[in-house]
Amino acid sequence: MTDVIHQLARIVQTVALAEQPIDQVNLVVESISTGMAVDVCSLYLANSRGEMLLLASRGLAANAVRSVKIPPGKGLVGLVATSRHPVNLADAESHPAFYYIAETEEERFHGFCGVPLVHTGKVIGVLVVQGRDVRQFSEEEQGFLVTLAAHLALLLANSPLASDELGQQEGRITGIRGAPGIGIGYCRLCDHGELYAVANAPCPDATGALRDWHDLLVVVRREIEQEQQTIAGELADSVAGIFSAYTMLLADPAFLGHVEKGIIAGNWLPGALRQAIQHFAELFRAMDDPYLKARHEDIHHIGNKLYNAWRGIRAETVPPDRPVILVGAQVSVSEIAAVPAGMLAGIVCLEGSSLSHTAVLANALGIPAIMGTGSIRNLANDCLMIVDGNSAQVMLNPGAALLTEYRKLEDDQRFLMQQLEQIRELPAVTTDGADITLYTNTGLLADISPGLRNGAQGVGLYRTEIPFMIRNSFPSEEEQVAVYSQVLSAYHGKPVHMRTLDIGGDKQLPYFPVENEENPALGWRGIRFTLDNSQLLMTQVRAMIRAAQGLDNLRILLPMVSSTGELDDFRELLGDAVGQLLAEGYAVRRPALGVMIEVPAAISQIPFWANKIDFISIGSNDLSQYLLALDRNNPRVAARYDHVHPAVLLEIGRILQLAAEHQIPVSLCGEMASDPVAVVLLLGLGLRTLSMSATKIPRIKWLIRSLSIKTAERLSQDARACRYPADIRARVEAALAAAGLQDLFSGHTTGAGNPVKLRPA
Ligand code: PEP
Ligand code: MG
């Protein structure tokens, strides 16, 4: 049996790699029945009505597969599902729960062993083996099935299979969130030609092919320049700089040489191009770092672009006369650039992740996007689609009722945006006169103008990681000065809280990965990393101070501080940086200094830091993660995460109290600042400064302008009596709905990832 276990462990891995979901399940049943030498192996999967659909079987009648559905709780399969326990019988037919389904022709089998597939506490399916003999399966066989079912549950829950096989019947496909929002439009397929499908072929005229290759490069470079100009009108340089990934590859001697060598060796141009593109894409795909891994898509894109230019086909340039949803294995930046502003309703990538450049760009443009859906059946140009970027769902050919519902949501969003537009210039003041300061969180230069447009009173958190991440090496002092001064001068007269580099944990630099840590969240990250690499920190701090020359609006923010020693070390470095710059003749001043309160240990240290810092900023994302010991990016536990947890609220109350006692200005810059329920509670606890992404400011301002501090205080007082985050949410939501604020929340997602449902009162 040990051999079989190893063999099947290998099968589980192989299955995970199978391209089509249905191939996955067929492989599962095939390999189990061969590995265990059983007469039947079947996999049932639960649908949304709780019925068990016979999804795949080796041994039962073929026409039963994908047609037989067992009603909830019925038969032995139902018994396994409801009891969540293996059912192992020598003779299935003699069991009182036996439920005969003629199509399966299972009367030929007697021995039965069924085990449940459980994911996040729910039974998602049942795995069954059956034998002709009247024989109970051994303990070892049963244990083996239980182990295998645990693996399969993980695999099937995270694969698009459930939606592909069950959901797609209802036209719903679930992917990965790329960018939020709702879009309704007509499918425009982006795959014009697929370089990877090109075969090798002899090249009779190598000289001519090399000439064609060089001409092709000129054409495509020009095309990219034009697209860049089109898109640069809408985006600032750093996002449009995504194009530089393309341009760099087109100028890379190793890549160009690879293609030329292929042609000289006798391959025709498209074949040599495919070989080179595949070679370089594979180098990236094999990397561990998720950001670098995602770059293989850029290489694939540019390969297709070159191939299509060679074939004389360009990205679809006919301007659409109705909203379009771009759909492709990958959707390139060029394809996005080719759709005029206002006509792009959504983006769906069958491959890719939230780290893809497509997702980054969609966020910057405010276009809903869904990534990694896997293949979608019945996809065709011009079919009607709904893209719900909030729940990462695509709906194909939606029925009238669904369409009406989503059109309403879309209208609500549009109406709300118009309403919000009207309060853009008005202050964030509560109905009883409390002034609330609203800052923006940024990191991309593209975010600068939306912040200002939405009335941000400054930058509450400038994440400096992003300029470091979208490069191939550490940026120099001059390069950093150039980036920081753009932000500081755009917010001239308003404070900009620039955080020193916060890498490690979930944020990695492609060219300096912090690897091999058993527990990265508790490892070399934030201030710990930068103090140990003080040459990088010194360069960064010097660049920040130089960039603020004559502007005087820089405030330096330190991430992940957990001890006074770290603060002392930084203060010394800051003094040195200012001293150096003054000696070099720069007219600079020592900037204000603050710390993020995101490590729980920092809370009790606030009194000791009062005379060392000028402000604090609560990093509620990390603070909640460390207080609850929950990683919300881990799908296995994400549903348990909610920052409106009584323990988190209690600690935030303590921070605010300590800050008030020591007269330290305090703000909050994590996700809580844009969650309406959390904002009410935070105002009630005494917080008066919030920082959030630019697009969230108008809604939060509307909330603040419709609320009194008195109500907020009452609600946060009520929350103290609650033991469950869900109760806290329910109370605040009910109060807001009663105040007529339900429209504010349509499409909003809570910290826990659940849509806030506040229908009209
Ligand atoms: C936080 O932890 O709340 C925070 C704002 O920092 P980041 O999300 O960048 O870790
Ligand atoms: Mg943080």
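Anything mentioned here points back to the structure above.
Note that the coordinates shown come from a computational prediction; the quantities given were computed from them, not determined experimentally.

Engineer: Is there a simple way to think about the coordination of the magnesium ion (ligand 2) in this case?
Structural biologist: Ideal values for angles at a metal depend on the geometry: 109.5 degrees with four tetrahedral donors, 90 or 180 degrees with six octahedral donors. For the magnesium ion (ligand 2), the full set of protein donor atoms is E598 (OE) and D622 (OD), at a range of 2.1 to 2.2 Å. Of the two residues, E598 sits in the loop between β19 (592-597) and α22 (601-609) while D622 sits in helix α23 (residues 620-628), which places them 24 residues apart along the sequence.

Engineer: What is the right way to read the pattern of salt bridges from this model?
Structural biologist: Close approach of charged atoms allows side chains with opposite charge to pair. Counted under the stated rule, the structure contains 20 salt bridges. One salt bridge in this structure joins E584 and R542, with 2.8 Å as the shortest N-O distance. Of this pair, E584 sits in the loop between α21 (564-583) and β19 while R542 sits in helix α20 (residues 534-547), placing them 42 residues apart in sequence. Its relative accessible area of 10% is what places R542 among the buried residues. Here the residues in one salt-bridge network are E465, R499, D502, R525 and D622, joined through shared partners.

Engineer: Teacher, can you tell me more about the packing of aromatic side chains here?
Structural biologist: The geometry of an aromatic ring pair is captured by two quantities: the separation of the ring centres and the angle between the planes. Inspection of the entire model under this criterion finds nine aromatic pairs. Plain terms: the ring middles of W268 and W310 are 5.6 Å apart, the flat faces sit at 85° to each other, and that makes the pair edge-to-face. Remark: W310 occurs in helix α12 (residues 296-310) and W268 occurs in the loop between α9 (253-264) and α10 (269-285); sequence separation between them is 42 residues. Geometrically, the ring pair formed by F474 and F512 is tilted, given 5.5 Å between the ring centres and 55° between the ring planes. Of this pair, F474 sits in the loop between α17 (465-469) and α18 (477-490) while F512 sits in the loop between β17 (496-499) and α19 (527-532); the two residues are 38 residues apart in sequence, bridging distant segments of the chain. Exposure remark for F474: the relative accessible area of 25% places this residue in the partly exposed category.

Engineer: Would you mind going over the sheet that holds strand β9 (residues 182-189) with me for this structure?
Structural biologist: Picture the strands of a sheet paired through backbone hydrogen bonds; they go either parallel or antiparallel. Taken in spatial order, the eight strands of this open sheet run β7-β14-β13-β9-β10-β11-β12-β8, and their pairing is mixed. Pairing within the sheet leaves two strands with one partner each, and these edge strands are β7 (172-174) and β8 (176-179). Ignoring which end each strand starts from, the neighbouring axes of this sheet average 30° apart. Across two bridges, the pairing between strand β11 (residues 344-349) and strand β12 (residues 369-371) is parallel. Bridge assignment links I347 to a residue of β12, and that residue is A369. Its contacts with the sheet place helix α15 (residues 400-422) against β7, β9, β13 (384-388) and β14 (393-396), and it is angled at close to 115° to β9.

Engineer: How should I be thinking about the sheet that holds strand β5 (residues 111-119) in this particular structure?
Structural biologist: With antiparallel pairing, six strands are arranged side by side in an open sheet as β3-β2-β1-β6-β5-β4. The open sheet terminates on both sides in strands that have one partner only, identified here as β3 (69-70) and β4 (87-89).

Engineer: Please clarify how the site of ligand 1 should be interpreted in this entry.
Structural biologist: In the vicinity of ligand 1 there are 13 residues, among which R463, R499, K507, G619 and N621 approach most closely. In this structure, an oxygen atom belonging to ligand 1 sits 2.8 Å away from a side-chain N or O atom of R499. A distance of 3.1 Å separates an oxygen atom of ligand 1 from a polar atom in the backbone of S620. Expressed as a share of its isolated accessible area of 290 Å², the protein-covered part of ligand 1 is 93%. Looking at the shell around ligand 1, the elements with two or more residues in it are β16 (459-463) and α23. In terms of residue class, the shell around ligand 1 is built from three nonpolar, four polar and six charged.

Engineer: Would you mind going over unusual backbone geometry with me for this structure?
Structural biologist: For residues that are not glycine, phi is negative in most cases, and the peptide bond is trans in most cases. Phi angles above zero are rare outside glycine, and R84 is one such case at about 55°. Tracing the backbone shows R84 in the loop between α3 (75-83) and β4. You will see that Q663, though not glycine, has its phi angle at about 50°, which is positive. Among the secondary structure elements, Q663 is positioned in the loop between α24 (646-661) and β21 (666-668).

Engineer: Explain α10 here, please?
Structural biologist: Across its 17 residues, α10 extends 24 Å between first and last C-alpha, which sits within 8% of the 24 Å expected from 1.5 Å per residue. Turning to α10, its buried residues are L269, P270, G271, A272, L273, R274, A276, I277, F280 and A281.

Conventions used here
Residues numbered from 1 in each chain as written. Chains lettered and ligands numbered in written order. Predicted model: local features only at pLDDT ≥ 70, side-chain atom pairs only at ≥ 80, totals over all residues. Heavy atoms only, no water. Donors = N, O, S within 2.8 Å, 3.2 Å for Na, K, Ca; no water. Helix = DSSP H or I, 4+ residues; strand = E, 2+ residues; numbered from the N terminus. Salt bridge = Lys/Arg side-chain N within 4 Å of Asp/Glu carboxyl O. Buried < 20%, exposed > 50% of the residue type's maximum accessible area, 1.4 Å probe, protein only. Phe/Tyr/Trp six-rings, centres within 6.5 Å; stacked < 30°, edge-to-face > 60°. Pairing = 2+ DSSP bridges. Axes fitted to C-alpha atoms, helices over the stretch in contact; angles between N-to-C directions. Contact = heavy atoms within 4.5 Å. Near = heavy atom within 4 Å. Polar contact = N/O pair within 3.5 Å; in protein donor to acceptor, adjacent residues only side chain to side chain. Areas by Shrake-Rupley, 256 points an atom, 1.4 Å probe, with all protein chains shown as cover. Nonpolar A, V, L, I, M, F, W, Y, C, P; charged D, E, K, R; others polar. Expected span 1.5 Å × (residues − 1).

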